Amino acid sequence: MADSIQRVLEATLTDRFYFGQILVRKINGGFVLSHCGDETRKKLKTFQSAEDAIELSKFDDSGNYRPLKTAPNLARGWRLELARPEELQRALDYFYPGRLAVFLAWKTGQLHTTPLRETLDRQSGMYRVAAKISDDQIDNVVGDFCRSDGGCLRTILWRRDQLGTIPSAELPLEKFDPACDQIRALLQPGSATPATATIPLLCQEPCNLLVAECRKMVKGKD
């Protein structure tokens, strides 16, 4: 799997590309990673190990823990220098766990998606009640929790139900299109030359955090 991911990664990438909020540049045979909003920023703190990505992705700029790694709140102020492709792969996996494997499965036509209703129907225990959520409530929950500008940067590939209903009418159609860059709404004006490629953060099934939000909606909790 690791070798397959690396081959797809190398075949997909250009000298500059985005992966979520990360800008990756090929420089002098190696790779330089930074927050996409920090390209022209001076005095970034430099790191040189792929494992540094574990701590860099753990908290936001205010020091708050990030339970959802694909939320658009990656901390700024750092620069990660890596020498080899395998180090780049490890670092990107630390920043966005599992997203490279999902991207590989999608690129090779092997990705399977799971509708939200199916995910909710198989819940047990305290989360079983989440299956009672109405379609209108789903529109609101998914539209708020999954939006790119403040919720999650993943491109949604799953559907609401087996009929193929879109997850939320409150989200733009671009949210469901892997060809659309979810980071665009977050970029600040005045940045340098845009990256020439983007690897999308793909969402193949509703996450546990969304299930918890559905439960809160049904229970009437804030």
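No experiment lies behind these values; they were computed from the predicted model shown. (Residues numbered from 1 in each chain as written. Predicted model: local features only at pLDDT ≥ 70, side-chain atom pairs only at ≥ 80, totals over all residues. Heavy atoms only, no water.)

Some remarks on the nonpolar core
- Membership of the largest hydrophobic core comes to 31 residues, with the highest contact counts inside it found for Ile22, Val24, Leu33, Trp78, Leu80, Leu92 and Phe95.
- Among the elements that line this core, the one with the most residues is helix α3 (residues 85–95), at four residues.
- When neighbours within four sequence positions are excluded, Ile22 is seen to be in contact with Phe17, Leu33, Ser34, Cys36, Leu74, Trp78, Leu92, Phe95 and Tyr96. (Core = buried A, V, L, I, M, F, W, Y, C linked by side-chain atoms within 4.5 Å. Buried < 20%, exposed > 50% of the residue type's maximum accessible area, 1.4 Å probe, protein only. Helix = DSSP H or I, 4+ residues; strand = E, 2+ residues; numbered from the N terminus. Contact = heavy atoms within 4.5 Å.)

With respect to the environment of Ile27
- Take Ile27: it is sitting in strand β2 (residues 22–27).
- Its relative accessible area of 33% is what places Ile27 among the partly exposed residues.
- A C-alpha to C-alpha distance of 9.8 Å links Ile27 and Leu82, two positions 55 residues apart in sequence.

What about the sheet that holds strand β3 (residues 30–35)?
- An order of β4-β5-β3-β2-β1-β7 is seen for the six strands of this open sheet, with the pairing classed as mixed. Each having just a single partner strand, β4 (45–47) and β7 (198–199) make up the two edges of the open sheet.
- Examined bridge by bridge, β4 and strand β5 (residues 78–82) share three bridges and lie parallel to one another. For Thr46, the partnering residue across the bridge sits in β5 and is Arg79. (Pairing = 2+ DSSP bridges.)

Regarding the environment of Ala105
- Examined against the element boundaries, Ala105 turns out to sit in helix α4 (residues 99–107).
- A relative accessible area of 18% places Ala105 in the buried class.
- Not counting residues up to four positions away in its chain, the partners in contact with Ala105 are Gln110 and Leu111.

A few points about the pairing of β5
- Only one face of β5 is covered, namely the one carrying Trp78, Leu80 and Leu82; the face carrying Arg79 and Glu81 has none of its residues buried.
- Across four bridges, β3 lies against β5 in antiparallel orientation. The residue of β5 that forms the bridge with Leu33 is Leu80.

Comments concerning the pattern of salt bridges
- One pass over the structure, following the stated rule, counts 15 salt bridges.
- Across the pair Glu51 and Arg90 runs a salt bridge, and its minimum N-O distance is 3.1 Å. Taken together, the residues span a long stretch of sequence, with Glu51 in the loop between β4 and α2 (52–56) and Arg90 in helix α3 at a distance of 39 residues.
- Of the charged contacts, one joins Arg147 and Asp149 as a salt bridge, the two residues approaching to 3.7 Å between their closest N and O atoms.
- Note on Arg147: relative accessible area 28%, which makes it partly exposed.
- Look at the salt bridges and you will find they share partners, linking Arg117, Asp135, Asp139 and Arg160 into a network. (Salt bridge = Lys/Arg side-chain N within 4 Å of Asp/Glu carboxyl O.)

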